[in-house]
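Topology and contacts: notes
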Amino acid sequence: MANIKIKWLVYTVLVGLIPVLLRILTWFISQSRTMDILNAPDFVAFGLILHISNINEIEHFNDSERSWKTIQNGLSIVFILFYGVLFACSLLGQSNPGLINVRAITNISIVLSFVSLGISFSVYHRISKLE
């Protein structure tokens, strides 16, 4: 039961946080610190990893929970679409300064990634209880 949660924490959460953690580390060891310590694409990548992991895990789950699987897969697809839009807005904001509020996109990405973390935890919690 706890084994699946530990694997989720290590293989999904920690691996998904690699871009965020590397950016923070780079910022701390940088002399000039001209780069942002937090960046939207890093959190977009984290959220995408969480939802792709959810879809993958749910697909390999038994069919006794068909309606729950459909809802979770649909929710993950919606979040993946949101992350796609956030990533596109981030790229647009970086290529055309002043066109899009990059800080707002970053804040939305951070909040959405924490929501995704909660959703992913609930998926793995339910799966661990049913196995």
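Here's what I pulled together on the structure shown here. Within each chain, residues carry numbers counting from 1 in the order of the written sequence. The model is predicted, so local features are restricted to residues of pLDDT at least 70 and side-chain atom pairs to those at 80 or more, both for listing and for counting; the totals for chains, interfaces and linings are taken over all residues. The side-chain figures draw on all heavy atoms in the structure; neither hydrogens nor water molecules are used.

So, about the overall build of the protein. Strands here mean DSSP runs of E at least two residues long; helices mean DSSP runs of H or I at least four residues long; both are numbered from the N terminus. Regarding its fold elements, the protein presents five helices and zero strands. Along its sequence from the N terminus, the protein presents helices and strands in the succession α-α-α-α-α. Over its C-alpha atoms, taken along the principal directions, the protein stretches across nearly 55 × 30 × 15 Å. The 131 residues of the protein split such that 35% are buried. In what follows, a contact means two residues having at least one pair of non-hydrogen atoms within 4.5 Å. Sequence-distant contacts in the protein: of pairs separated by 6 or more residues, those separated by 24 or more amount to 69%. In this charge count, Lys and Arg are treated as positive and Asp and Glu as negative; neither His nor the chain ends contribute. By convention, the point assigned to a charge is CZ for Arg, NZ for Lys, CD for Glu and CG for Asp. The positive charge centre, built from 9 side chains, and the negative charge centre, built from 7, are 6 Å apart in the protein. Each residue is assigned to one of three classes by its accessible area relative to the maximum for its type, calculated with a 1.4 Å probe on protein chains only: buried under 20%, partly exposed between the two thresholds, exposed over 50%.

Our focus in this paragraph is the pattern of salt bridges. Definition used for salt bridges: Asp or Glu carboxyl oxygen within 4 Å of a side-chain nitrogen of Lys or Arg. Evaluated as defined, the whole model comprises one salt bridge. Between Asp42 and Arg23 there is a salt bridge, with the nearest N and O atoms lying 2.5 Å from each other. Of this pair, Asp42 sits in helix H3 (residues 40–59) while Arg23 sits in helix H2 (residues 18–29), placing them 19 residues apart in sequence. Accessibility assignment for this pair places Asp42 and Arg23 in one class, buried.

Positioned with a positive phi, Arg33 is a non-glycine residue whose angle comes to about 50°. When you line up the elements, Arg33 lands in the loop between H2 and H3.

To continue, consider the packing of aromatic side chains. Only centres within 6.5 Å qualify two rings of Phe, Tyr or Trp (six-membered ring in Trp) as a pair; their planes then separate them into stacked at under 30 degrees, edge-to-face at over 60, and tilted for everything else. Enumeration over the complete set of coordinates arrives at five aromatic pairs. Each ring, one from Trp8 and one from Phe121, has its centre 5.8 Å from the other, and the planes form 55°; the classification is tilted. One end of the pair, Trp8, is in helix H1 (residues 2–16); the other, Phe121, is in helix H5 (residues 102–130), and 113 residues separate them in sequence. Pairwise contacts between aromatic rings join Trp8, Phe121 and Tyr124 into one cluster. Counting as a charge over the ring demands two things of the Lys NZ or Arg CZ atom: a distance within 6 Å of the ring centre and an angle within 35 degrees of the ring normal. A cation sits over an aromatic face here: Arg33 above Trp27, 4.3 Å from the ring centre.

It is worth spelling out the nonpolar core at this point. Throughout, nonpolar core names a set of buried Ala, Val, Leu, Ile, Met, Phe, Trp, Tyr and Cys residues whose side chains join them through atoms within 4.5 Å. Membership of the largest hydrophobic core is limited to eleven residues, which are Ile4, Trp8, Val13, Phe46, Leu50, Ile58, Phe61, Trp68, Val123, Tyr124 and Ile127. Excluding residues that lie within four positions of it along the chain, Val13 makes contacts with Trp8, Phe46, Leu50 and Leu117. Membership of the second largest hydrophobic core comes to eight residues, among which are Val44, Tyr83, Leu86 and Ile105.

Along the chain, Thr12 turns up in helix H1. In terms of polar contacts, Thr12 uses its side chain to reach the side chain of Ser53, at 3.3 Å. Residues adjacent in sequence count toward polar contacts only when both atoms are side-chain atoms; beyond that, a polar contact is any pair of N or O atoms within 3.5 Å, and within protein one must be able to donate a hydrogen and the other to accept it.

Along the chain, Glu59 falls in helix H3. For Glu59, a relative accessible area of 47% translates into the label partly exposed. In the structure, Glu59 is positioned eleven residues away from Thr70 in sequence and 9.7 Å away in space, judged by C-alpha atoms. Ignoring anything within four residues of it in the chain, the contact list for Glu59 reads Lys69 and Asn73.

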